[in-house]
Amino acid sequence: MASQDNISTLANGQPSDNPGSVQQIRYGNSNGGLVVLSDTQTVEVLAHFARERIPERSVHAKAAGAFGEFEVLEDLSDLTDAKFLSGIGKKTPILTRISTVGGEKGSSDTVRDVRGWATKFYTEEGVQDFVFNDLPVFFIRDPIKFPSMNRSHKRHPRTNVPDNAMFWDFHKNNPEGIHALMHLFGRRGIPETIKNINGFSVHTYTLNKADGSYVYVKWHFRPDDGIKTMDAETAAHLAGTEPDYHIKGLFNSIEKGEYPTWTVCIQTMTPEEVATAPIDIFDCTYTWPHERYPLRRVGRLTLNKNPDNYFQDIEQACFSPSNMVPGVGPSADPVLQARMFSYPDAHRYRVGPNYFQLPPNRPKNPVYAPYVRDGPGTMNGNYGSDPDYVFSELRPVAQSKRVQMPTHELWTGNVTAFTTTVTDKDFEQAQSLYKIICSEPNGQEQLLENLEQSLQGVPEKLAGEVLDYLGHVHQDIKNALQKRLSK
Ligand code: HEM
């Protein structure tokens, strides 16, 4: 920590007599001067400045982050033996980062967008990350479409501004996103604060035990302060006047000791129940009906400490669905499978191959991974003289007996080039959601208003096709939008 007593030094520790001075050849106080290259202090400051950015995340670049804790409130021993989920009252330190998706690091908070929710649990068996969203379903289910989908939400390659035509051109031609779109254009598309959003796993995961038994799980983080949303007009105003509205809100409430909390719940399904499930549980465009798969309470998340340094702890934080601990597992959702590759890949590029050694990413339990070594920024002792190859008898390693993956989820099949197709069933949950939206005060009006805004500037033919697409959810949406757009 900086204090008034600190003697200013250069990065090598040599004391500086004036950190604001520049060595130069001068004729007195005016007439300029010639700066000399032997001024290490100036060279160091300028050279480091030119290198002080790391690439921003290609999605989810703008975010707030805070530390906190997770507490187990219910017994889950029938489902999992993950240590951080075992024992009522058990507490685990966490780090959470909540983001918008499409905008850059400096973009406004109060935009209509999905909010990303990433939480790191520093458990005694390793780092467990949950990399979730605030909407329960996703826009795509063929993972190769992810970059395309995001580009269509970002800046046009020519004009460099977001473009409604591009947005709808993507979604109308990749219609499996209709359920997510209905959420996005409904009231939850813009939250009032970060404290008032959900976190959804979106994908199906598993919880499992050392005996190989497992269940399928969807995770839900529910804000204890309730869901609160913001109307589009207020949001547009704040986007201009208070672009960091959500980040400030979270930071200030934590500073004041008003700690936001979320109740962690799960829906579960046994492997035997999958065959008769009304939806494909490996398709992240579907939710599981709550009447049939009720929520079960697990614990509570609390955010109670702001980072001392945003860059170190939040910008350099690397969250990945592949960070799992014994007792938690993935499922056969292809989007989740692709994500398990993509995030660590992004981290190696964005933060460097030794990102696991940096403070926010470092596991709190002992790590012994001598086959992952060397590389830029090595600072973990690098396993000294230990063998850097497997199966050494000079220094044998002990092996965990813990089964990490369910053993009886066995697969046989052919390698095929596969892409999903869209059927009427893909509109069913969007249709049910529309009914819910219509039953909320002013819900239908806001949905139509938000959709109308998003159709501004879309060429007539495409706009007509988008109306047909939305009309597949309900003819009223098409009719009402037709009227509004023809005014
Ligand atoms: C094929 C699908 C997807 C791919 C390839 C993908 C890829 C990525 C990448 C590359 C990043 C940036 C990571 C970094 O630089 O640290 C990212 C961030 C993120 N993604 Fe995804 N993503 C996908 C789908 C999803 C889904 C379905 C969710 C939610 C359930 C999600 C939630 C997030 C969140 C919350 C972040 C920000 C993490 C942070 O705070 O650092 N993504 N994604």
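Here the residue numbering is sequential within each chain, running from 1 through the sequence in written order. Since the coordinates come from a predicted model, pLDDT governs what is reported: local features require at least 70, and pairs of side-chain atoms require 80 or more to be given and counted, while whole-chain, interface and lining totals use all residues.

All right, on to the overall build of the protein chain then. Within the protein chain, the regular secondary structure consists of twelve helices and twelve strands. Taking 2.2 N^0.38 as the reference for a compact globule, 487 residues should give roughly 23 Å; the C-alpha atoms of the protein chain span a radius of gyration of 26 Å, in line with that estimate. When the 487 residues of the protein chain are sorted by exposure, 34% land in the buried category. The long-range fraction of contacts in the protein chain, counting pairs at least 24 apart against all pairs at least 6 apart in sequence, stands at 72%. Only DSSP runs of H or I covering at least 4 residues are called helices, and only runs of E covering at least 2 are called strands; the numbering of each starts at the N terminus. Using C-alpha atoms as the atom set, the radius of gyration is obtained and then compared with a globule rule of 2.2 Å times the number of residues to the power 0.38. Three exposure classes are used, all based on how many other C-beta atoms lie within 10 Å of a residue's own C-beta (placed from the backbone): buried at 20 or more, exposed at 12 or fewer, and partly exposed between those limits. What counts as a contact here is a pair of residues whose C-beta atoms, placed from the backbone, lie within 7 Å.

This part is about the UniProt feature "active site" (unreviewed entry) in the protein chain. UniProt positions are given in the numbering used here, feature names are shortened, and annotations may be inferred rather than shown by experiment. The positions UniProt marks with the feature "active site" (unreviewed entry) are H60 and N133. For the annotated residues, spread through 74 residues, the largest C-alpha to C-alpha distance comes to 10.6 Å, consistent with a single compact locus. Turning to its location among the elements, H60 is positioned in the loop between α1 (40–49) and β3 (63–72). Sequence-distant contacts of H60, defined by excluding residues within four places in its chain, comprise S99, V101 and G116. Within the secondary structure, N133 is located in strand β6 (residues 126–133). Once you skip the residues sitting within four places of it in the chain, N133 turns out to touch V114, R115, G116, W117, F200 and V202.

Bringing the packing of helix α11 (residues 460–471) against helix α12 (residues 475–486) into the picture now. Axis lines are fitted through C-alpha atoms, for helices just across the contact stretch, and the angle between N-to-C directions can take any value from 0 to 180 degrees. Orientation of α11 relative to α12, taken along the N-to-C sense of each, is 150°, at an axis distance of 7 Å. Relative to α12, α11 is oriented roughly antiparallel. Two secondary-structure elements touch here, α11 through A463, L467, D468, L470 and G471 and α12 through Q475, I477, K478, L481, Q482 and L485. Its residues assigned to classes, the contact of α11 with α12 shows six nonpolar, three polar and two charged. Orientation categories follow fixed angle ranges, with anything under 35 degrees roughly parallel, anything over 145 roughly antiparallel, 65 to 115 roughly perpendicular, and all other angles oblique. Classification convention: Asp, Glu, Lys, Arg as charged; Ala, Val, Leu, Ile, Met, Phe, Trp, Tyr, Cys, Pro as nonpolar; all other residues, Gly among them, as polar.

In this text, near has one meaning. A residue is near a molecule or strand if its C-beta atom, placed using the backbone, is within 6 Å of it. Taken together, 29 residues are adjacent to the ligand, and H60, G116, P143, F146 and V202 come closest. Among the elements of the structure, β4 (91–100), β5 (115–123), β6 and α8 (334–350) are those that each provide at least two residues to the shell around the ligand. Per-class residue counts for the shell around the ligand are 18 nonpolar, seven polar and four charged.

A few words on unusual backbone geometry. Most peptide bonds take the trans configuration, and most residues that are not glycine carry a negative phi. A positive phi angle, close to 60°, is found at N382, a residue other than glycine. Looking at where N382 falls in the secondary structure, it is placed in the loop between α8 and α9 (425–439). A positive phi angle, close to 60°, is found at F391, a residue other than glycine.

Moving on: the packing of helix α2 (residues 146–153) against helix α3 (residues 164–173). Geometrically, a packed helix pair is captured by the angle between its two axes and the distance between the axes. Packing of α2 against α3 leaves a shortest axis separation of 7 Å and a crossing angle of 150°. With respect to each other, α2 and α3 are oriented roughly antiparallel. Facing α2, whose interface residues are S148, M149, S152 and H153, α3 presents M166, F167, D169 and F170. Here the contact of α2 with α3 is composed, by residue class, of four nonpolar, three polar and one charged.

Looking now at the UniProt feature "binding site: heme" (unreviewed entry) in the protein chain. The UniProt record annotates "binding site: heme" (unreviewed entry) at Y343. For Y343, the location among the structural elements is in helix α8.

With respect to burial, β4 is a largely interior element, eight of its ten residues being buried. Here nine bridges tie β3 to β4, and the two strands are oriented antiparallel to one another. Bridge pairing in β4 places A66 opposite T96. Pairing of β4 with β5, which is carried by seven bridges, proceeds in the antiparallel orientation. Across the sheet, residue I98 finds its bridge partner in β5, namely W117. Pairs of strands are assigned from DSSP output, requiring at least two bridges between the strands.

Judged by nonpolar contacts, the single largest core of 85 residues is most densely connected at F138, M182 and V473. Not counting chain neighbours up to four residues away, the residues in contact with M182 comprise A430, L433, Y434 and V473. Buried Ala, Val, Leu, Ile, Met, Phe, Trp, Tyr and Cys residues form a nonpolar core when they are connected through C-beta atoms within 7 Å.

As a further point, take the pairing of strand β10 (residues 261–269). The pairing of strand β9 (residues 214–223) with β10 spans eight bridges and is antiparallel. Of the residues in β10, the one forming a bridge with V217 is T268. Pairing between β10 and strand β11 (residues 296–305): six bridges, direction antiparallel. Bridging from a neighbouring strand, I266 pairs with R296 of β11.

Taking 1.5 Å of rise per residue, twelve residues should cover 16 Å, and α11 covers 16 Å from first to last C-alpha, within 8% of that figure. Turning to α11, its buried residues number three or more, namely V466, L467 and L470. Looking down the long axis of α11, one finds its buried residues gathered within 100° of arc, a one-sided arrangement. Counted as exposed and oriented over 90 degrees from the buried face of α11: K461 and D468. Looking at the buried positions of α11, the neighbouring elements they touch are α3, α10 (443–454) and α12. Given a helix with a known number of residues, its expected span is that number minus one, times 1.5 Å. For this quantity, the arc is that covered by the directions from the helix axis to the C-beta atoms.

Moving on, we get to the environment of K218. Positionally, K218 belongs in strand β9. Sequence spacing of K218 and I54 is 164 residues, and the spatial spacing of their C-alpha atoms is 34 Å. If we skip the residues at most four places from it in the chain, K218 touches S201, T204, I266, Q267 and W288.

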